[in-house]
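Geometric and topological summary
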Amino acid sequence: MNELLAVKMRPKKLDEVIGQEHLIGDGKVITNLVKNKKLFSMILYGKPGIGKTSIANAIVNELGVKYRMLNAVVNNKKEIETVVNEAKMYNGMVLIMDEIHRMNKDKQDLLLPVLESGIITLIGMTTANPYHSINPAIRSRCQLFELKELSHDDIVKAIEMACKSEYLPDIKIDDDAKEYIANVAKNDLRYAYNLLEVAYYSTDDFHITVDRLINVSNKPNIYHDKDQDGYYDLLSAFQKSIRGSDVHASLYYLGRLIIGGELDSICRRMAVIVYEDIGLANPAMGPRVMAAIDSALMLGLPEARIPLAEVVIEMALSPKSNSAEASIDRALNIIETMDTGNVPSHLKNPSPDYKYPHNYKNSYVKQQYLPDKIMNVKIYQPRDNKNELIYKDIMNKLEK
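What you see is a predicted model; the values in this text were computed from it and never measured.

Some points on the overall build of the protein chain
Scanning the protein chain for helices and strands turns up 18 helices and 7 strands. Taking 21 Å as the expected radius of gyration for a compact globule of 400 residues, we find that the protein chain reaches 30 Å, considerably beyond that expectation. Considering the protein chain as a whole, with its 400 residues, one finds that 42% of them fall into the buried category. For the protein chain, the share of sequence-separated contacts (at least 6 apart) that also reach a separation of at least 24 residues comes to 73%. Carbon and sulfur atoms make up 51% of the accessible area of the protein chain, which totals about 22200 Å². Charge centroids of the protein chain, computed over 50 positive and 53 negative side chains, lie 6 Å from each other.

And the structure:
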C-alpha cells in the first residue's frame, strides 16, 4: 500500500519540524545535541500529531546512526532482544520506542542494563505524562522533553508545505479551506494531513473547498483518550469551570465530554462537584443533581444532554462552598496527627451520666462530646454565604 501523506511529509531534518521552537532551533537543546553529535536517552511526550515521531526520525537521520523503531504494545520481548543483540554487534544503536508508557515489566527489565551501559540509546514517545505512567527506573535514565501543542498557524503552514510538495500534484485549495482544516484538526498535524489527503483524492478536479471538506469530515477532531491525560484534562476543566461559576465554559466542557460519549464519567464528576464545590451554600442542589444524573442514565445519549445541561447551568450559577470538604479534611488531619484521647466516659454505652437530648427543651442539652484533649477544637468553619450564615447563628447560640 502507498504511504500516507503524513508519513511522506515526515521531516528528514530538524529544521523541517513544524513547531516545538522551545526544543528546536538556534541554541535550543535538541538542535545542539545533534549539532554536537551527542545523543542521550530521552522521552518525548505530548498529545498525538504534534511531532514526536517526526523529531525522533529527524534526530537519527541527521546523526546518521543505526536505529530501530518498535512499539511497546505491538512488539514482544523477543523482538526487543533482537534489537539489543544487534546493538551489541554494532557497539551501540538507537531504539525509538512508541507508546513507551505501555511497556511491561519483562521488557523494562531487558532494557534497563543496556540503557545503563549505553549499548542502547532510547528515544521513547508517549501521549501520557511520564511522571505518572513510566517506570521510575526507565525515567531516571532519560531526559524528558515535553512537546507543546501546535498553533493554528503551525497547521496552516504545514498544509501549505504539503500543497507545494510533489505528493499532491495539481492540487488547488481555497484559503478558507486551509483555515477549516486547521480549525477541525485541533493542533493534530497528522489529522490535518489525513483530512487534506482524503479530500484531495475524493475530488475529480483536485480542487479542495470548505464544502468538500465538510463532506469528508464535518466533525472536529476532539482528542481525549480515557486512559491518558487529555481525558482527565477535560474532566478537570469541567469541574473548575463550574467551581469558577463560568456557565459558558461549563457547558463547553460538558459538550466536549458528551461528544466523547463519556456519560458515566460526566455523572460521576457532577456527583463530586455538587458536594465538593457547592455543598452547604446550596444543599438543595445535591438531590437536584442526583435526579438529573438518574434521568441522564435512564435516557442515554443524545437525550441525556438535556437534563445534564439544565443542571450544569444551575451548578455553575449556584453559590459555592467547600466547607464540608474542608471540615472533614480538618477532622481527618486532627485524628492522624494528634493524640486526641478517648471517647468521654458519659458517651460510652451504657452510661448513667449521659444526658438524652430529647428529654430536654428543644431536644438540646449542653454536654461535652469531643474527647478531653480536643474539647475546644472548632472543626466546622462556616463560609459567609446565606445558608451557612444561618448555621453559624445556630452554632453561636448553642455554644453560649
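What follows continues from the structure just given.
A short note on the packing of aromatic side chains
All told, the structure shown has 3 aromatic pairs when counted by the stated rule. Relative to F206, the ring of Y200 has its centre 4.6 Å away and its plane inclined at 20°; by these criteria the two rings are stacked. Classification of Y200 as buried rests on a relative accessible area of 2%. On the basis of relative accessibility, which here comes to 27%, the residue F206 falls in the partly exposed class. A ring pair is formed by Y252 and Y253, whose centres lie 4.9 Å apart and whose planes are at 70°; its orientation type is edge-to-face. We classify Y253 as partly exposed; its relative accessible area is 22%.

Quick notes on the rules
- Residues numbered from 1 in each chain as written.
- Predicted model: local features only at pLDDT ≥ 70, side-chain atom pairs only at ≥ 80, totals over all residues.
- Heavy atoms only, no water.
- Helix = DSSP H or I, 4+ residues; strand = E, 2+ residues; numbered from the N terminus.
- Rg over C-alpha atoms; globule rule 2.2 N^0.38 Å.
- Buried < 20%, exposed > 50% of the residue type's maximum accessible area, 1.4 Å probe, protein only.
- Contact = heavy atoms within 4.5 Å.
- Areas by Shrake-Rupley, 256 points an atom, 1.4 Å probe, with all protein chains shown as cover.
- Lys, Arg positive; Asp, Glu negative; His and termini not counted.
- Charge placed at Lys NZ, Arg CZ, Asp CG, Glu CD.
- Phe/Tyr/Trp six-rings, centres within 6.5 Å; stacked < 30°, edge-to-face > 60°.

So yeah, pure geometry; function would need other evidence.
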